[in-house]
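# Remarks on the overall topology
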Amino acid sequence: MTFMNNGGNIKQFQLVKFVNENCDDNHVISKISIVLRRDKIEAPYYMDTKIRLSSCIDRQDTGIIHAMDILNHNRMYNLTEDKYNEIKSLILDAFDDNNESDQVKIFKEDKRLKIVLMSKNDDEIVNLFENYHELFEIIDNLID
């Protein structure tokens, strides 16, 4: 699987999927945050993505004995108004107030839309990619 293009830019969601598919640890924890904003003068439409993957080895009787960051990635995008509206519509269609759970949090404000996706194991990460692959692909394809 290729997760970088010729320019060396990371296709961040492809990288997360690659790490998950090739990691032997069943205790990979992920937190994905996507924030759309339209309030800055110099960049009126932009998006900020933050992805964090951690791995922990635990013991039932003593709790966590080791935690390690696998990936901590942040990227900011300046968007055109059309791309901003496309991503915003996709998010609003995929994430409504009924979708909120321990795994999905949605924060809506007038000029800001934020979703936070959390997973605590491999199955939950796979589930996130099955449910939201279209959004992840659109964001990854912003980097060409």
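Here goes a summary of the coordinates provided. Everything numeric here is computed off the predicted structure, so don't read it as measured data. (Residues numbered from 1 in each chain as written. Predicted model: local features only at pLDDT ≥ 70, side-chain atom pairs only at ≥ 80, totals over all residues. Heavy atoms only, no water.)

## Quick word on the pairing of strand β1 (residues 28–37)
Applicable threshold: When accessible area is computed with a 1.4 Å probe and restricted to protein chains, residues below 20% of their type maximum are described as buried, those above 50% as exposed, and intermediate ones as partly exposed. A run of DSSP states H or I qualifies as a helix once it reaches four residues; a run of E qualifies as a strand once it reaches two. Both are numbered from the N-terminal end. Any two strands with at least two DSSP bridges between them are considered paired.
The element β1 is largely enclosed, with a buried count of 7 among its 10 residues. With 8 bridges connecting them, β1 and strand β5 (residues 112–119) associate as antiparallel partners. What sits directly across from I34, in β5, is I115.

## Some remarks on the environment of N72
Defined as follows: Residues are treated as being in contact if the distance between any of their heavy atoms lies within 4.5 Å.
Position of N72 relative to the elements: it lies in strand β3 (residues 63–78). Exposure remark for N72: the relative accessible area of 59% places this residue in the exposed category. The spacing of N72 and S30 is 42 residues in sequence and 9.9 Å in space, taken between C-alpha atoms. Setting aside anything within four residues of it in sequence, one finds N72 in contact with I51 and R52.

## Things to note about the packing of helix α1 (residues 12–22) against helix α3 (residues 122–140)
Note the following rule: Axis definition: a line fitted to C-alpha atoms, over the contacting stretch in the case of helices. Angles run 0 to 180 degrees between N-to-C directions. Geometric relationships in this document are graded by angle, where less than 35 degrees denotes roughly parallel, more than 145 denotes roughly antiparallel, 65 to 115 denotes roughly perpendicular, and other angles denote oblique. In this scheme the crossing of two helices becomes right-handed for a clockwise turn of the near helix relative to the far one and left-handed for an anticlockwise turn of less than a right angle. Residue type decides the class: Asp, Glu, Lys and Arg count as charged, Ala, Val, Leu, Ile, Met, Phe, Trp, Tyr, Cys and Pro as nonpolar, and the leftover types, Gly among them, as polar.
It is at 9 Å that the axes of α1 and α3 come closest, and there the two elements cross at 160°. Looking at the two axes, α1 sits roughly antiparallel to α3. In the packing of α1 onto α3, the handedness of the crossing is left-handed. Counting all contacts with α1, which are made through Q12, F13, Q14, V16, K17 and N20, the residues of α3 involved are D122, I125, V126, F129, F136, I139 and D140. A class-by-class count of the residues in the contact of α1 with α3 yields 7 nonpolar, 3 polar and 3 charged.

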